[in-house]
Amino acid sequence: YLVLIQLFLRHSFRFIAKPCAINLGIQDSGPHRAQPNAILEKVFTSITKSPDGKRLEGLSKQLDWDVRKIQRWFRHRRNQDKPTTLTKFCESMWRFTFYLSIFFYGIRFLWTAPWFWDTRQCWYNYPFQPLTSRLYYYYILELAFYWSLMFSQFTDIKRKDFLIMFVHHLATIGLITFSYMNNMVRVGTLVLCLHDASDFLLEAAKLANYAKYQRLCDAFFMLFGVVFIVTRLGIYPFWILNTTLFESWELIGPYPSWWLFNGLLITLQILHIIWSYLIIRTAYKALVRGKVSKDDRSDVESSSEEEDVTSNSTKGVFSTSSNGSNRINGHVASGQWTEE
């Protein structure tokens with residue numbers, strides 16, 4: 001039920017986010033639409049959305065259009081099905097609100113929890129540890145949110161990191177469910193809070209970029225990158241993995257589910273490394289170009305004349321629209337990125 005409620009809230013949140021977007025000057029207008037053409041539309045809907053060179057030459061002869069014009073038509077046609085900037089702003093605002101709220105709830109809850117300061121407390125008296133109401137609601141809200149992300153991933157625009165995000169959602173849902181069923185909720189709360197620490201910063205960067213506050217966007221993205229790398233490549237392996245791999249083994253021994261539990265946690269660490277590489281590359285390009293510009297996950301292809309000669313345009317988290325303004329696309333891991 002909570003999953004359905006979260007999906008409902010996600011769509012209903014538009015009534016709050018849309019006025020904010022309009023006040024910031026964000027219009028409900030999408031990319032340039034392709035001019036009507038029955039032949040190309042039939043090819044697009046029935047055969048392929050990205051025709052190869054041989055098919056392009058055949059269409060060029062049939063329509064008496066040059067190849068670049070046909071490539072441009074297919075690019076515009078693909079882009080016109082993408083969500084508008086207003087739609088993406090509303091989605092990011094919902095994610096930002098949830099991530100920020102759940103992060104502060106987790107910090108407030110964990111601040112008084114003994115295992116937050118001493119991870120060995122995660123395993124004392126295991127598995128006979130009480131499940132308080134605050135801990136239960138924290139867990140169930142997070143689980144419902146990630147299930148909603150899993151379902152919405154199949155209805156949202158498909159990105160290049162679809163498989164990575166799918167694996168991430170599966171691993172996250174598996175970890176939350178598994179740790180809850182095995183009463184490993186103490187260490188589970190640490191994992192959840194750690195992952196929420198950077199996600200709202202990425203969504204804040206997206207919101208700033210949609211509103212064309214480029215410097216604010218760059219600042220949020222750089223801050224997100226620093227927090228992401230510190231938490232995922234520093235605190236996570238030396239704090240979380242240390243207690244699940246070594247302290248748990250020392251205090252309660254090699255319990256039957258030890259291998260599965262740590263296998264899921266290590267899977268997350270591998271994804272952290274992949275996303276950290278992508279973030280560092282984006283940050284490097286930002287320093288070179290003076291602004292956050294491109295990465296590896298796009299939902300809008302460039303329509304510039306210079307890129308018309310390329311059938312597969314470069315894709316990125318922050319992609320350049322036809323009027324030269326930078327836009328940040330959709331959600332993350334993960335970032336993409338993330339996402340998480």
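Anything mentioned here points back to the structure above.
Residues numbered from 1 in each chain as written. Predicted model: local features only at pLDDT ≥ 70, side-chain atom pairs only at ≥ 80, totals over all residues. Heavy atoms only, no water.

Quick word on the packing of aromatic side chains
For step 1, the next point in the chain: Going through the model one piece at a time under the given rule, you end up with 26 aromatic pairs.
For step 2, the next point in the chain: On the basis of an interplanar angle of 80 degrees and a centroid distance of 5.2 Å, the ring pair of Trp-73 and Phe-74 is categorised as edge-to-face.
For step 3, the next point in the chain: A residue is classified by how much of its surface remains accessible, and Trp-73, at 4% relative accessible area, is buried.
For step 4, the next point in the chain: Ring-pair connections join several aromatic residues into one group, and the members of that group are Phe-13, Trp-94, Phe-98, Tyr-99, Phe-145 and Tyr-146.
For step 5, the next point in the chain: When the ring centre of Trp-65 is taken as origin, the NZ or CZ atom of Lys-69, which lies over that ring, is 4.3 Å away. (Phe/Tyr/Trp six-rings, centres within 6.5 Å; stacked < 30°, edge-to-face > 60°. Buried < 20%, exposed > 50% of the residue type's maximum accessible area, 1.4 Å probe, protein only. Lys NZ or Arg CZ within 6 Å of the ring centre and 35° of its normal.)

Some points on the packing of helix H6 (residues 85-110) against helix H10 (residues 185-210)
For step 1, the next point in the chain: The contact between H6 and H10 brings their axes to 8 Å, and the two run at 150 degrees. Taken as axis vectors, H6 and H10 run roughly antiparallel relative to one another. When the axes of H6 and H10 are compared, the crossing they make is left-handed.
For step 2, the next point in the chain: Among the residues making up the contact of H6 with H10, the classes are represented as 17 nonpolar, four polar and six charged. (Axes fitted to C-alpha atoms, helices over the stretch in contact; angles between N-to-C directions. Helix = DSSP H or I, 4+ residues; strand = E, 2+ residues; numbered from the N terminus. Parallel < 35°, antiparallel > 145°, perpendicular 65-115°, else oblique. Left-handed = near helix turned anticlockwise from the far one by under 90°. Nonpolar A, V, L, I, M, F, W, Y, C, P; charged D, E, K, R; others polar.)

Some details on helix H4 (residues 53-63)
For step 1, the next point in the chain: Of all the residues in H4, the buried ones are Leu-56, Leu-59, Ser-60 and Leu-63. Down the axis of H4, the buried set is contained in an arc of 105 degrees. They therefore lie on one face. Away from its buried face, by an angle of more than 90 degrees, H4 presents the exposed residues Lys-54, Lys-61 and Gln-62.
For step 2, the next point in the chain: Close packing links the buried residues of H4 with helix H3 (38-46) and helix H5 (67-79).
For step 3, the next point in the chain: Remark: Asp-64 follows H4 within two positions and exhibits a positive phi of approximately 60 degrees. (Arc of directions from axis to C-beta. Contact = heavy atoms within 4.5 Å.)

What about unusual backbone geometry?
For step 1, the next point in the chain: Along the chain, Tyr-126 connects to Pro-127 via a cis peptide bond; the corresponding omega equals 5 degrees.
For step 2, the next point in the chain: Looking at where Pro-127 falls in the secondary structure, it is placed in the loop between helix H7 (114-117) and helix H8 (133-153).
For step 3, the next point in the chain: Even without being a glycine, Asp-64 presents a positive backbone phi close to 60 degrees.
For step 4, the next point in the chain: Mapped onto the fold, Asp-64 is located in the loop between H4 and H5.
For step 5, the next point in the chain: Phi angles above zero are rare outside glycine, and Asn-125 is one such case at about 60 degrees.
For step 6, the next point in the chain: Turning to its location among the elements, Asn-125 is positioned in the loop between H7 and H8.
For step 7, the next point in the chain: Since its relative accessible area comes to 61%, Asn-125 is described here as exposed.

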